[in-house]
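Residues per chain, in single letters:
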Amino acid sequence: MSKITILTGAGISAESGLETFRAADGLWAQHRVEDVATPEGFERDPKLVVDFYNARRKQASEVSPNAAHKALARLQQMYAGQVVIVTQNVDDLHEQGGATGVIHMHGALKSALCAACGNRWAAPIVMAHGDACPVCTRPSARPDIVWFGEMPYQMDEIFDHLMETDIFAAIGTSGNVYPAAGFVAEARRSGAHTVELNLERTAAGNQFAEHRVGPASKEVPQWVDDLLASQK
Ligand code: BJW
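Bear in mind the structure is a predicted one, so any value in this text is a computation, not a measurement.

**What to know about the layout of surface pockets**
Of the voids in this model, the second largest pocket is the one considered here, and its volume is about 160 Å³. What lines the second largest pocket is simply Arg57, Ala60, Ser61, Val90, Asp91, Asp92, Gln96, Leu109, Lys110, Ala123, Pro124 and Ile125. Every element with two or more residues in the lining of the second largest pocket is listed here: α5 (46-61) and β4 (107-114). A total of three residues in the lining of the second largest pocket trace back to one element, the largest contributor, which is α5. Across the lining of the second largest pocket, the residue classes tally to six nonpolar, two polar and four charged.

This is the structure:
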């Protein structure tokens, strides 16, 4: 039984209305990374960081999955082998589109994390700096997001999937951020067929065997159709 491992990035949610990071008008053009996406930034100005994620959480609660999210859920349901989705995205559009078992390696907007005891709970739409942890009661709530310099989640599980995978696809990600940017090399070492689906060929594109260039809402459903047809 063959296995497909899929890495998604901000580009898959762009057509749902969520900004990407590195576009000319993207999130990093509007906010300094070191202010809003590092533990040091949070220590310096926690309110700025909490407000940034409050705004992102509100925006994410107002959008819907697009044809690309839904196509990946269809692949999970109809493919004879295993389909694993690993996302760098902190929205829940894969789940809203019907996908299951999604690995959120950079955390989730809908989750709050206690910086003191590690407890997680459902984040309110508006978090406040100093919110108390419901378990240890310390005022140590933070967004459950993996910032630069922090260890992404479920890495052992992800590398196990990459070692066993027959097909690896990267969808809507620029390949700028590690360790996710290294997954294609890991999958190649395992002998997997590799495919990049993106609006444009990325700087990391030469590591992939196949390219599908165009908007995710068009390219992903077509790729899924092709995979499902190939197993008939
Ligand atoms: C479309 C489309 C459409 C648009 N259809 N496509 C030097 C060398 C190597 C590594 C390092 C280094 N110095 C520091 C590091 C490590 C650092 C890192 O990688 N830095 C780089 C900047 C160099 N990484 C870390 O610190 C990570 N932790 C870590 O490494 O721990 C140690 C470790 C080592 C080994 C194993 C395990 C652990 C943590 C990284 C945390 C990233 N956090 C962020 C912010 C938090 C989440 C949030 O706020 O949402 O995560 S940064 C930001 O970038 C966010 C994203 O998940 C991530 C990736 O961005 P993504 O998704 O690729 O978006 P874009 O905007 O870059 O690209 C969008 C793409 O879509 C483009 O290609 C478009 O063309 C395309 N697109 N519309 C299809 N319609």
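**Remarks on unusual backbone geometry**
Omega for the peptide link from tyrosine 178 to proline 179 comes to 5°, which places this bond in the cis form. Residues other than glycine seldom take positive phi values, yet threonine 137 does so here, at roughly 70°. In this fold, threonine 137 is placed in the loop between β5 (120-122) and β6 (141-145). The exposure class of threonine 137 is exposed, given its relative accessible area of 58%. Even without glycine at this site, glutamine 154 takes up a positive phi of about 55°.

**Some points on the site of the ligand**
Inspection of the region around the ligand gives 36 residues, with Arg22, Arg56, Ser174, Tyr178 and Asn198 positioned closest. Between the ligand and the protein, one listed contact pairs an oxygen atom with a side-chain N or O atom of arginine 56 at 2.6 Å. Taking 1500 Å² as the accessible area of the ligand by itself, protein coverage stands at 75%. Broken down by secondary-structure element, the contributors of at least two residues to the shell around the ligand are α1 (11-14) and α5. Classifying every residue of the shell around the ligand by side-chain character gives 18 nonpolar, 13 polar and five charged.

**Let's talk about empty space enclosed by the protein**
Take a probe with the size of a water molecule and roll it over the atoms, and the empty space left behind shows itself. Summed over the entire model, instances satisfying the criterion amount to one cavity of 30 Å³ or more. Quantified by volume, the largest cavity comes out at close to 110 Å³. Lining the largest cavity we find 16 residues, and of these Thr173, Gly175, Ala180, Ala181 and Phe208 sit closest to its centre. Taken together, the residues that form the lining of the largest cavity break down as nine nonpolar, six polar and one charged.

**A few points about the environment of valine 224**
Inspection of the secondary structure puts valine 224 in helix α10 (residues 216-230). Filtering out sequence-adjacent residues up to four positions away, valine 224 remains in contact with Ala71, Leu72, Arg74 and Leu75.

**Topic: the pattern of salt bridges**
Following the criterion strictly, the structure yields 14 salt bridges and no others. Among the ionic pairs, glutamate 210 bridges to arginine 212, the shortest N-O distance being 2.8 Å. With a relative accessible area of 17%, arginine 212 lands in the buried category. Taken together, the salt bridges that share partners define one network made up of Arg32, Glu34, Asp35 and Arg44.

**So, the side chain of glutamate 186**
Take glutamate 186: it is sitting in helix α9 (residues 183-189). A distance of 2.9 Å separates polar atoms of two side chains, one belonging to glutamate 186 and the other to arginine 189. In contact with glutamate 186, other than residues within four places in its own chain, are Phe159, Leu162 and Met163.

**Details of the sheet that holds β5**
One open sheet accounts for three strands, arranged β5-β4-β6; its pairing is antiparallel. If you trace the sheet from one side to the other, it starts and ends with β5 and β6, each paired once. Pairs of neighbouring strands in the sheet enclose a mean axial angle of 45°, with direction left out of account. With four bridges connecting them, β4 and β6 associate as antiparallel partners. Directly across from cysteine 114, in β6, lies its bridge partner alanine 141. Set on the sheet, α5 makes contact with β4 and β6; between it and β4 the angle comes to about 140°.

**Quick look at the sheet that holds strand β3 (residues 103-104)**
Pairing is parallel in the open sheet, where six strands are placed in the order β3-β2-β1-β7-β8-β9. At either margin of the open sheet sits one strand with a lone partner, and together these are β3 and β9 (210-213). Bridge analysis of strand β1 (residues 3-8) against strand β2 (residues 82-87) gives six bridges, and the strand direction is parallel. Across the sheet, residue threonine 8 finds its bridge partner in β2, namely threonine 87.

Thresholds applied
Once a new chain begins, its residue numbering starts again from 1 and follows that chain's sequence as written. Where totals are concerned, whole chains, interfaces and linings use all residues; where local detail is concerned, this predicted model gives features only for residues with pLDDT of at least 70, and gives and counts side-chain atom pairs only at 80 or more. Neither water nor hydrogens contribute to the side-chain values; these are computed over all heavy atoms in the structure. With a 1 Å grid laid over protein atoms only, a set of points is called a cavity when a 1.4 Å probe fits there but cannot get out and a pocket when it is open yet has protein on both sides within 12 Å along at least five of seven lines; lining residues have an atom within 4 Å of a point. Grid points are joined across faces, edges and corners, and a volume is the space filled by probe spheres set on the points. In this description a helix means any DSSP run of H or I spanning at least four residues, a strand means any run of E spanning at least two, and both kinds are numbered starting from the N terminus. Three classes are used: nonpolar for Ala, Val, Leu, Ile, Met, Phe, Trp, Tyr, Cys and Pro, charged for Asp, Glu, Lys and Arg, and polar for all others, with Gly counted as polar. Throughout this description, buried means an accessible area under 20% of the type-specific maximum (1.4 Å probe, protein chains only), exposed means over 50%, and partly exposed covers the range between. One heavy atom within 4 Å of a molecule or strand makes the whole residue count as near it. Any N or O atom pair separated by 3.5 Å or less is treated as a polar contact, with the protein-specific requirement of one donor-capable and one acceptor-capable atom, and with residues adjacent in sequence counted only for side-chain atom pairs. Computed with a 1.4 Å probe, the accessible areas rest on the Shrake-Rupley method; for each residue, only the protein chains presented here act as cover. Whether two residues are in contact is decided by their heavy atoms: any pair within 4.5 Å suffices. One side-chain nitrogen of Lys or Arg within 4 Å of one carboxyl oxygen of Asp or Glu is enough to make a salt bridge. Pairing between two strands requires that DSSP report at least two bridges joining them. Where helices are involved, their axes are fitted lines through C-alpha atoms of the stretch in contact, as for all axes, and angles between N-to-C directions lie from 0 to 180°.

In short, shape yes, function no, at least from these values alone.
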